[in-house]
Amino acid sequence: MNITDVRVRKIAKEGKMKAVVSVTIDDEFVVHDIKVIEGEKGLFIAMPSRKSTDGEYRDIAHPINTATRDKLQSIILEAYAKAEDVLEDM
C-alpha cells in the first residue's frame, strides 16, 4: 500500500479537531474525512465514522492492523504539520 496523495482540507486553530484529511491509496482509492484530533497524549487520527442506530460511532473504513494504522497516521500527521507551517508563513 502506497499513500500517493494527502490533502489537508480544513485546519482549525481552536478545539480538539485540528483538521480533516483525504488520502489517496495507490492512485486508485480515496478515503475522505479522516480527522486529526488533539488528545491528551498529542495528535492522532480518527477514521471516518457513522453514528449507528444504537448511538455508537462505528468506523466506515479503517486499517486492519497496527502497522498500517501507524504508517497512515505518520504520513497524515506529517502532511498536517506541513500544511500548518504554510498557514503560519502567510
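Residues numbered from 1 in each chain as written. Predicted model: local features only at pLDDT ≥ 70, side-chain atom pairs only at ≥ 80, totals over all residues. Heavy atoms only, no water.

## A closer look at the pattern of salt bridges
Pairing is possible between side chains that carry opposite charge, provided their charged atoms lie close to one another.
And step 1. A full pass over the atoms with the stated rule returns five salt bridges.
And step 2. Across the pair R7 and D5 runs a salt bridge, and its minimum N-O distance is 2.6 Å.
And step 3. A relative accessible area of 54% places R7 in the exposed class.
And step 4. Judged by relative accessible area, D5 falls into the partly exposed class, the value being 26%. (Salt bridge = Lys/Arg side-chain N within 4 Å of Asp/Glu carboxyl O. Buried < 20%, exposed > 50% of the residue type's maximum accessible area, 1.4 Å probe, protein only.)

## Focus on the side chain of K18
And step 1. Structurally, K18 is set in strand β2 (residues 17-25).
And step 2. A distance of 3.3 Å separates a polar atom in the side chain of K18 from the backbone oxygen of K13. (Helix = DSSP H or I, 4+ residues; strand = E, 2+ residues; numbered from the N terminus. Polar contact = N/O pair within 3.5 Å; in protein donor to acceptor, adjacent residues only side chain to side chain.)

## Some details on the sheet that holds strand β3 (residues 29-39)
And step 1. A sheet is described by the order of its strands in space; here four strands give the open sequence β1-β2-β3-β4, paired in antiparallel fashion. Every interior strand has two partners, whereas the edge strands, β1 (3-11) and β4 (42-46), have only one. Within this sheet the neighbouring strands show an average axis-to-axis angle of 30°, counted without direction.
And step 2. Sheet topology note: the β1/β2 ladder contains seven bridges and is antiparallel. For V8, the partnering residue across the bridge sits in β2 and is V21. (Pairing = 2+ DSSP bridges. Axes fitted to C-alpha atoms, helices over the stretch in contact; angles between N-to-C directions.)

## Remarks on unusual backbone geometry
And step 1. Phi at D26 takes a positive value of approximately 50°, unusual for a residue other than glycine.
And step 2. Within the secondary structure, D26 is located in the loop between β2 and β3.

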